[in-house]
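# Results of the structural survey
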Amino acid sequence: MKVAIIGGGGIGSTHANAYRSIGANLLAVVEPLAASAEDFAKMHGVAAYSSLSELISSKDRPDAISICTPPFTHRELVEEAVAAGINILCEKPMAHTLEDAEAIYVLTQGSGIVFATGYCQRFQPELESIQELVAGGKIGEVRTFYNSYSSHQDGIENRWFGRKELAGGGVIIDTAIHSIDVFRYLCGEIIAASGTMSTVLGESDLAVEHTATIGLRSISDVIGTIDCSWKLPNGTSTVSVGGSAGRLTFDYDKEGEIVFESADGSVDTIHVPTGDRFAREVEAFLESVRYGLPARTGAFDGLVGLTVVDAIYRMHEANTISPLLRSGNA
Ligand SMILES: NC(=O)c1ccc[n+]([C@@H]2O[C@H](COP(=O)([O-])OP(=O)(O)OC[C@H]3O[C@@H](n4cnc5c(N)ncnc54)[C@H](O)[C@@H]3O)[C@@H](O)[C@H]2O)c1
């Protein structure tokens, strides 16, 4: 099976390493910036093309691609790949707008191709272990979810990430979209969402939010709190699920360890398998293609992410406090 990467930037390289690590037949990259294309091709030992159409009409025409380009390009690339019958692993967010996400969802239904949304956190083995423990009743009736994915991203606001018309928003659509998916994975479908966010950075007011907190509620009334930021000095990545019989927590700095705090106050470390989430993600994608199975995180999951993010942005606008109170003059 021939594989290609579309977009030879940061995550394109991560996907390339992941495919190579599982021995996949990675042949090409599509990258319009000549210098980046050349570097990528050299680094990963693949051929470089400047557009998807050029790749499709070449000897390296792929059976499967990873779309690793900025979100505003996803819809057009998906349209072209679906028309050519090429299977797609599309990075999150599925699109930069709900409208484009809906179009991708409709396009991929019944198309005969495998469409996977790149929610790599679902392939983090420790989260899979938490899911199994929760489903097995380890923490009783599930009540709370807490997650933080924070980092320090110097100058991100000056890249496409900081332009709403290219990215769709800031840290929520970029980072918390993973959290929204992890919440659904561990706690069930979302029926309510809200959030508050900050765009002010020093003297600047950014076009998108860099820090946010989100509240979610699942169909079975689990309450989720998600913190995310591009602008904290030290990154934190944790996931915690609490219930009537205890709490399970995974801190990404402690691979292979889940902390269980039981209702009686005792604290145990549960040792679980670990592994590379990207390698596991691309392996699952290629397996779906090989056996004609639906992707573990498909177009529906991609669309739900955009639907929840869109609701949070709309709620935030609706909830903005009067300018009189904000200015402190009241
Ligand atoms: N799953 C994750 O953890 C994760 C992490 C980082 C980024 N991402 C996602 O991956 C995508 C890319 O992010 P990035 O950080 O790699 O961005 P990037 O800017 O580093 O790389 C994107 C590359 O795509 C190229 N490109 C633009 N338009 C193209 C087109 N039409 N065809 C082919 N190439 C094109 C650009 O020239 C650039 O080299 C985004 O959707 C982002 O949200 C996911």
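The rules behind each value
Residues numbered from 1 in each chain as written. Predicted model: local features only at pLDDT ≥ 70, side-chain atom pairs only at ≥ 80, totals over all residues. Heavy atoms only, no water. UniProt positions renumbered as here; feature names shortened; annotations may be inferred. Helix = DSSP H or I, 4+ residues; strand = E, 2+ residues; numbered from the N terminus. Axes fitted to C-alpha atoms, helices over the stretch in contact; angles between N-to-C directions. Parallel < 35°, antiparallel > 145°, perpendicular 65-115°, else oblique. Left-handed = near helix turned anticlockwise from the far one by under 90°. Contact = heavy atoms within 4.5 Å. Nonpolar A, V, L, I, M, F, W, Y, C, P; charged D, E, K, R; others polar. Expected span 1.5 Å × (residues − 1). Buried < 20%, exposed > 50% of the residue type's maximum accessible area, 1.4 Å probe, protein only. Near = heavy atom within 4 Å. Polar contact = N/O pair within 3.5 Å; in protein donor to acceptor, adjacent residues only side chain to side chain. Areas by Shrake-Rupley, 256 points an atom, 1.4 Å probe, with all protein chains shown as cover. Phe/Tyr/Trp six-rings, centres within 6.5 Å; stacked < 30°, edge-to-face > 60°.

With that settled, the discussion passes to the UniProt feature "domain: GFO/IDH/MocA-like oxidoreductase" (unreviewed entry) in the chain. Within this numbering scheme, the UniProt entry marks residues 130–248 as carrying the feature "domain: GFO/IDH/MocA-like oxidoreductase" (unreviewed entry). In the segment residues 130–248, helix accounts for 23% and strand for 46%; the C-alpha atoms at its two ends are 7 Å apart.

Let's shift gears to the packing of helix 1 (residues 10–21) against helix 9 (residues 277–291). The contact between helix 1 and helix 9 brings their axes to 8 Å, and the two run at 70 degrees. Relative to helix 9, the element helix 1 lies roughly perpendicular. Considering how the two elements wind past one another, helix 1 and helix 9 form a crossing that is right-handed. In contact with Ile-11, Thr-14, His-15, Ala-18, Tyr-19 and Ser-21 of helix 1, helix 9 contributes Phe-278, Ala-279, Glu-281, Val-282, Phe-285 and Leu-286. When the residues that make up the contact of helix 1 with helix 9 are grouped by side-chain class, the tally is eight nonpolar, three polar and one charged.

So, about helix 10 (residues 299–318). Note on helix geometry: an α-helix contains 3.6 residues per turn, so any two residues three or four positions apart are oriented the same way. Its 20 residues give helix 10 an end-to-end C-alpha distance of 29 Å, which sits within 8% of 28 Å, the value for a rise of 1.5 Å per residue. Within the sequence span of helix 10, burial applies to Ala-299, Asp-301, Gly-302, Leu-303, Val-304, Gly-305, Leu-306, Val-308, Val-309, Ile-312 and Tyr-313. Along its buried surface, helix 10 packs onto helix 5 (98–108), strand 6 (115–118), helix 8 (171–187), strand 8 (190–198) and strand 11 (211–218).

Let us now look at the site of the ligand. Neighbouring residues of the ligand: 27 residues in total, closest Gly-10, Ile-11, Glu-31, Lys-92 and Trp-160. Here an oxygen atom of the ligand and a side-chain polar atom of Glu-31 are 2.6 Å apart. When the ligand is considered free in solution it has 850 Å² of accessible area, and contact with the protein chains removes 81% of it. Elements that contribute at least two residues to the shell around the ligand include exactly helix 1 and helix 8. In terms of residue class, the shell around the ligand is built from 13 nonpolar, nine polar and five charged.

Turning our eyes to something else, we now look at the packing of aromatic side chains. Any aromatic ring pair is given by two values, namely how distant the centres are and how the planes are angled relative to each other. For the coordinates displayed, the defined rule picks out six aromatic pairs. With centroids separated by 6.4 Å and ring planes inclined at 90 degrees, the aromatic side chains of Phe-161 and Trp-230 adopt a geometry described as edge-to-face. Within this pair, whereas Phe-161 is found in the loop between strand 7 (142–152) and helix 7 (164–167), its partner Trp-230 is found in the loop between strand 12 (223–229) and strand 13 (231–243), the two being separated by 69 residues in sequence. A ring pair is formed by Phe-250 and Tyr-252, whose centres lie 4.7 Å apart and whose planes are at 40 degrees; its orientation type is tilted.

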